[in-house]
Number of protein chains: 4
Amino acid sequence: MNTIGKILTLSTFGESHGPAMGGVLDGVPAGVDIDLDALQRFVDRRRPGQTVGASSRGEQDRVEVLSGIWQGKTLGTPIGFIVRNTDARSEDYEPLARCFRPNHADYTWQVKYGIRDPRGGGRASARETVARVVAGGIAMQVLGRLGITIEAVARAADAATLQRVMADGDTLGGIIECVVHGAPAGLGEPVYGKLHARLAAAMMSIPSVHGFEYGDGFEMAAKRGSEVMDTFEKRDDGSIGTATNHSGGIQGGISNGEDIVMRVAFKPVPTLMREVPTVDRDGNPVTLPPRGRHDVCVVPRAVPVVEAMAALVILDNYLIKKTNVL
Amino acid sequence: MNTIGKILTLSTFGESHGPAMGGVLDGVPAGVDIDLDALQRFVDRRRPGQTVGASSRGEQDRVEVLSGIWQGKTLGTPIGFIVRNTDARSEDYEPLARCFRPNHADYTWQVKYGIRDPRGGGRASARETVARVVAGGIAMQVLGRLGITIEAVARAADAATLQRVMADGDTLGGIIECVVHGAPAGLGEPVYGKLHARLAAAMMSIPSVHGFEYGDGFEMAAKRGSEVMDTFEKRDDGSIGTATNHSGGIQGGISNGEDIVMRVAFKPVPTLMREVPTVDRDGNPVTLPPRGRHDVCVVPRAVPVVEAMAALVILDNYLIKKTNVL
Amino acid sequence: MNTIGKILTLSTFGESHGPAMGGVLDGVPAGVDIDLDALQRFVDRRRPGQTVGASSRGEQDRVEVLSGIWQGKTLGTPIGFIVRNTDARSEDYEPLARCFRPNHADYTWQVKYGIRDPRGGGRASARETVARVVAGGIAMQVLGRLGITIEAVARAADAATLQRVMADGDTLGGIIECVVHGAPAGLGEPVYGKLHARLAAAMMSIPSVHGFEYGDGFEMAAKRGSEVMDTFEKRDDGSIGTATNHSGGIQGGISNGEDIVMRVAFKPVPTLMREVPTVDRDGNPVTLPPRGRHDVCVVPRAVPVVEAMAALVILDNYLIKKTNVL
Amino acid sequence: MNTIGKILTLSTFGESHGPAMGGVLDGVPAGVDIDLDALQRFVDRRRPGQTVGASSRGEQDRVEVLSGIWQGKTLGTPIGFIVRNTDARSEDYEPLARCFRPNHADYTWQVKYGIRDPRGGGRASARETVARVVAGGIAMQVLGRLGITIEAVARAADAATLQRVMADGDTLGGIIECVVHGAPAGLGEPVYGKLHARLAAAMMSIPSVHGFEYGDGFEMAAKRGSEVMDTFEKRDDGSIGTATNHSGGIQGGISNGEDIVMRVAFKPVPTLMREVPTVDRDGNPVTLPPRGRHDVCVVPRAVPVVEAMAALVILDNYLIKKTNVL
């Protein structure tokens, strides 16, 4: 349930204010050079405190690789890793243990398990994504050796808007667009494992995501077939490609060699810097005090998370493809 | 790769113009009454020839259940089923075997496998969805006994527009909205198995789908946190619910007891009733003749497919939830 | 639950006296020649009525391939198949529906599901293995193209002993030894997916199997390390091999290029041709009448089943191995 | 590949002389009391240096739980844990990096991955089992709350024999018998997921295991059906049970409520305290010097490992059983 992938699998663990976040990345091919310093720099990109309106929680997020990489190369064995939680202030959260914050996972978690770690949202915290970024960062390095690169950009509000929203004690959402360059044709399994279905599941599993589309996406629904036809053409190097890319690089669930293009919609951060009315476990009305130390807009920090999830899916499908012919 | 689900699993098979489509639905709880006549009526809803602009291919689509149901009750064993392909006219497709139809799976399939069944798109045909509807129809009956119902509606063009588009030899896409009523709180696994991630993967695996969203979806990205806050309230019966449902019935990846609301975007049918330029396997330009017997808009026929996929995911998560506590 | 394998997966269905047995074999590489006549002959090897003491049930067991193979070649899509049950005589079994036959699955199935198909043991019947043989027969053909062959031999009683046991209305068990020739070194995953762990699970899943060992097996437990040491040596062709094969071709869970050797122990057939005392559902003592149409010893007919299961595991691991390096 | 289980899943990592061994145990039901001191005592049972002939490697094996347990109770989230490797002496192993020790995984690993961590066998070391014992110890505590207990005993040589074998610089194998008491009827999935197939796979995945049997096991193969018939009887409390237990508590792959009895055969330790002839990577003959710090017989230390694997399988099947009926 906390595992994603088929050949390349990632299993993660960790509560926001427990000792550590961590994971096991299994199925990474053997003999690949991994640059742990570059990995740390990639993980640093999701750290708080780097943009306007970002949480001031001061995690260092040092990646500690415990297995699977030796003398700078992958061994083909599972890569276990942890990231310690160093800046947990659990006392902040004590009074919330009996209340259900709106648009958070407090209520659903309580109903599902009958117990929850209320400190910082426990495992439902977006801090969980640090393990995704570690694993995805490794996958990106492997893909890089294959000439495949991944780049996401945030389509969020500008600094002035963020400042204004922050002044109102409010929050914002946004969209991240992610492009995979250099992926070969043939990635993706045709029916339930379509490449875009796998990408959708991976992206929708990121906290706060409410929508996914690829290629022309929802706009496709209002177009005519003749308007979105990606005509094939023979290129100068003799290869076959498409003149346009309405399909977002995926046809019939399988990559066609063009850029793979997708967009992911994030809801606004649910924690406001205002008083918020809600109920406690008994249904009695209570008022939550304004909260601090939270992001006004999580989208910029989510960019490496989106890239990481894309990398995990693409590398997994790259490995699966090896088994399609004898 | 042709399997979906965790406890409730569906494995399907079949090429469009082979002897039969079919599947194995495993993990259905034992002792549940199944009405096979009602199942046949549900499957009939996706048959062609029922709406303006739909394919005139005359499949009867008789469901033949081969196992797992005895004396009207599920046995707890896998439910094997087939639907014969009775109206295959393979000669229609022979000349296409060497060409790549734009926005179809011909090219990607050829690159991936080095071989493909060109008759009617082979396994890449939307005919594959008949097996989803059989399995999903069974899941819906099981859910019905739990008081959970699923209803999807097409948001597609009206008959006049369809007629005009058909006259142009063109095609249309559309959106299907699907609502799950009566699902209890607590369905969905928190991290990679979030309920909406599972729903997204299931919906995105339907042929022609390009986008998925739940609750306020992509609109969430442009809203402020205060605008989409689903405030909790105590209801007259003592239960806790939300005053609004921007979250679409899912919070933190887990159902909260409200209606689960999602939307699925379909691209326009890629087969036009016009001449279409493309290339053959060697990259040489060729012109495809206008095609007949295809849907102008697939969205109305896809409604039961969407319902079926939702049912499979919801029932699977209902079963998983049983294991959350001892 | 009715699925086995990781890349190459087999999902099967069918009750002994339902309309058909069948399965879906997914993950077979594309473009491989399959000889359906040879497949039928392989399946015929497990048919009853061919040896002394075998059941006289007269199934024809015609394999009907429904998908995944076209013009004699695999398509890379799932191979769906069925085998009709033509000789079911359900009236034979009616009186047994309320009784629990000793050493059968009647009691455990009833407790587990609260319902069971009593006709011929339903899905618990060894007739279930016909689907394994169809799928395994396909896998063997694929392995054959790689130079890998599988041969099992029964170590059961001679005809005279069988006749004597049959005259007593009794039954016998036996051992099947299976050898895989020509498998390359490097098959098997080191920890939970050790090659012999996968083989053990596959063999132990065959009805009536009570034990599995590979190489020197249980005898290893009484030996000294110096007695079972497979010394490495350089062969004339420059390759490295072992002088002996106490390890049964697997070291550290991974094949080493020697013959893979395993043994599977079958219990005696539980259905006697004598009166058998037991209880009914309420625990009341009842006496089962002598039964006919059953095997005295199932071991000879199980030989192709053992070969089939070995083939499925070896081919699956052959495909997995492709993903170990980039 | 380094994951075992279906609902209750264990993913482990770690090389013998890397920073730590560890794992993620997911799917443990929420709200169960876990006694971490008792868990540490269970893990201590597999530590070296406690019996005659055991390795003198002085690991402390302190279990560090990083998530999933809070205030003494399971949260329903994955339980991440590590055990640091504190006594690694990597210099011992440097000269071996180019040689293949007989009956070890050196050769097969090298062929499979093209790279290996030669320090102490890397991930192929039996040190890997410490993570199994941590996870299995947690599973045993959960089972204990259900009244299910697991007890294994070593059937190995006595101290005098061990001393004599040690004096010869030789090693021994042995057998472990494991019994599960108090398991309810109904555990196990009928076809490929038979309870004994799952137990076999789990036990065969333990390093050095060469055989598995349950109930009368291999002896069954030489018995008549009438000799191994477990007659049903009504007990004083009104329940139905069997008068004997040749079946080892499992019939048709499903537990019947009797004790579940199995035996696991271990080969002798492959590392001798003698000179051993072998080859290096180029096939040239070399002689390995006598090795120290290794067990003469691993069987006593493997007892908690066998119990742990049994616990993981039984608890997983207990959870799966919850989904068999609505």
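Residues numbered from 1 in each chain as written. Chains lettered and ligands numbered in written order. Predicted model: local features only at pLDDT ≥ 70, side-chain atom pairs only at ≥ 80, totals over all residues. Heavy atoms only, no water.

Engineer: Which parts of the structure should I look at to understand the environment of Pro29(B)?
Structural biologist: Tracing the backbone shows Pro29(B) in the loop between β3 (20-26) and α1 (36-44). Owing to a relative accessible area of 0%, Pro29(B) belongs among the buried residues under this scheme. For the pair Pro29(B) and Leu75(B), spaced 46 residues apart in sequence, the C-alpha to C-alpha distance is 7.6 Å. Ignoring anything within four residues of it in the chain, the contact list for Pro29(B) reads Thr74(B), Gly76(B), Leu319(B), Thr323(D), Asn324(D), Val325(D) and Leu326(D). (Helix = DSSP H or I, 4+ residues; strand = E, 2+ residues; numbered from the N terminus. Buried < 20%, exposed > 50% of the residue type's maximum accessible area, 1.4 Å probe, protein only. Contact = heavy atoms within 4.5 Å.)

Engineer: Would you mind going over the interface of chain B and chain C with me for this structure?
Structural biologist: Accessible area lost during the coming together of the parts is what is often quoted as the interface size. With 37 residues of chain B in contact, the opposing surface of chain C contributes 37 residues. Between chain B and chain C, a total of about 3000 Å² is buried, with carbon and sulfur atoms accounting for 65% of that surface. For the pair chain B and chain C, the number of links is two salt bridges. A salt bridge links Arg84(B) to Glu64(C), with the nearest nitrogen and oxygen atoms 2.9 Å apart. Across the chain B-chain C interface, the total number found is eleven residue pairs in polar contact (both at pLDDT 80 or more). Looking at the side of chain B that touches chain C, the elements with two or more residues in it are β2 (9-13), β3, β4 (63-65), β6 (73-74), β7 (79-84) and α2 (106-113) of chain B. (Buried area = accessible area lost by both parts, 1.4 Å probe. Salt bridge = Lys/Arg side-chain N within 4 Å of Asp/Glu carboxyl O. Polar contact = N/O pair within 3.5 Å; in protein donor to acceptor, adjacent residues only side chain to side chain.)

Engineer: Just checking my understanding: could you explain the relation of the copies chain B and chain C for this structure?
Structural biologist: In summary, the two copies of the chain are related to each other by a rotation about an axis coupled with a shift along it. Superposition record for chain B on chain C: RMSD 0.0 Å, screw rotation 180°, translation along axis 0.0 Å. Overall, the copies show the geometry of a two-fold rotation axis. When the interface residues of chain B are mapped onto chain C, 100% of them again lie at the interface, so the same face is used by both copies. (Least-squares fit on C-alpha atoms with pLDDT ≥ 70 in both.)

Engineer: Got a minute to help me understand the sheet that holds strand β16 (residues 260-266) of chain A in this structure?
Structural biologist: Strand pairing in a sheet relies on backbone hydrogen bonds. The paired strands run either parallel or antiparallel. Here eight strands make up an open sheet; going across it, the order is β9(A)-β10(A)-β16(A)-β11(A)-β11(B)-β16(B)-β10(B)-β9(B) and the pairing antiparallel. Looking at the sheet topology across the chains shown, the edges are occupied by β9 (149-155) of chain A together with β9 (149-155) of chain B. Across the sheet, the mean angle from the axis of one strand to that of its neighbour is 15°, orientation sign disregarded. Pairing of strand β11 (residues 209-214) of chain A with β16(A), which is carried by five bridges, proceeds in the antiparallel orientation. Note on β16(A): the bridge partner recorded for Val209(A) is Phe266(A). (Pairing = 2+ DSSP bridges. Axes fitted to C-alpha atoms, helices over the stretch in contact; angles between N-to-C directions.)

Engineer: What am I meant to see in the interface of chain A and chain B here?
Structural biologist: Listed as interface residues are 100 residues of chain A and, on the opposing side, 100 residues of chain B. Surface buried jointly by chain A and chain B totals about 7900 Å² across both partners, of which 64% is contributed by carbon and sulfur atoms. Across the contact surface, chain A and chain B share six salt bridges. Counting across the chain A and chain B interface gives 39 residue pairs in polar contact (both at pLDDT 80 or more). Taken together, the residues that form the side of chain A that touches chain B break down as 46 nonpolar, 31 polar and 23 charged. Taken together, the three bridges between β11(A) and strand β11 (residues 209-214) of chain B define a ladder with antiparallel strand orientation. Bridge pairing in β11(B) places Glu213(A) opposite Gly211(B). (Nonpolar A, V, L, I, M, F, W, Y, C, P; charged D, E, K, R; others polar.)

Engineer: Any chance you could explain the pattern of salt bridges here in plain terms?
Structural biologist: Side chains that differ in sign of charge can pair as their charged atoms come close. Per the counting criterion, the structure on display carries 96 salt bridges over all chains. With a closest N to O distance of 2.6 Å, Asp168(A) and Arg224(B) form a salt bridge. Highlighted residues: Asp168(A) in the loop between α4 (159-167) and β10 (174-181) and Arg224(B) in the loop between β11 and β12 (232-234), drawn from two different chains. Each member of the salt-bridge network shares a partner with another, and the members are Arg155(A), Glu177(A), Glu213(A) and Arg263(A).

Engineer: Explain the sheet that holds strand β10 (residues 174-181) of chain D to me, please; I cannot follow it from the model alone.
Structural biologist: With respect to topology, eight strands assemble into an open sheet ordered β9(C)-β10(C)-β16(C)-β11(C)-β11(D)-β16(D)-β10(D)-β9(D), the strand pairing being antiparallel. In this open sheet, the two strands that pair with only one neighbour each are β9 (149-155) of chain C together with β9 (149-155) of chain D. The mean angle between the axes of side-by-side strands here comes to 15°, regardless of whether they run parallel or antiparallel. Pairing analysis gives seven bridges linking β10(D) to strand β16 (residues 260-266) of chain D, with the strands arranged antiparallel. From the neighbouring strand, Val180(D) faces β16(D), where its bridge partner is Ile260(D). Relative to the sheet, helix α6 (residues 299-321) of chain D contacts β9, β10 and β16 of chain D, its axis offset from that of β9(D) by approximately 150°.

Engineer: Whenever I open this one, the environment of Ala157(C) confuses me. Can you help?
Structural biologist: Residue placement: Ala157(C) occurs in the loop between β9 and α4 (159-167). Residues contacting Ala157(C), with those up to four places away along its chain left out, are Leu162(C) and Leu172(C).

Engineer: What exactly am I supposed to notice about the packing of helix α5 (residues 195-204) of chain A against helix α6 (residues 299-321) of chain A here?
Structural biologist: Helix-helix packing is described using two parameters, namely the angle between the two axes and the distance between the axes. All names here are of chain A. The contact between α5 and α6 brings their axes to 9 Å, and the two run at 145°. The handedness of the crossing between α5 and α6 is right-handed. Seen from α5, the contacting residues are Leu195, Arg198, Leu199, Ala202 and Met203; seen from α6, they are Val306, Met309, Ala310, Val313, Ile314, Asp316, Asn317 and Ile320. Of the residues in the contact of α5 with α6, the class split is ten nonpolar, one polar and two charged. (Left-handed = near helix turned anticlockwise from the far one by under 90°.)

Engineer: Looking at this structure, I do not really get the pairing of strand β2 (residues 9-13) of chain A. What am I missing?
Structural biologist: Remark: a regular strand shows side chains that alternate across the two faces of the sheet. Residue and element names in this part refer to chain A. Counting buried residues along β2, five of its five residues qualify, which places the element largely inside the surrounding structure. As paired strands, strand β1 (residues 3-4) and β2 are joined by two bridges and run antiparallel to one another. Bridge assignment links Ile4 to a residue of β2, and that residue is Leu10. Between β1 and β2, which follow one another and run antiparallel, lie four residues, and Gly5 among them has a positive phi close to 110°.

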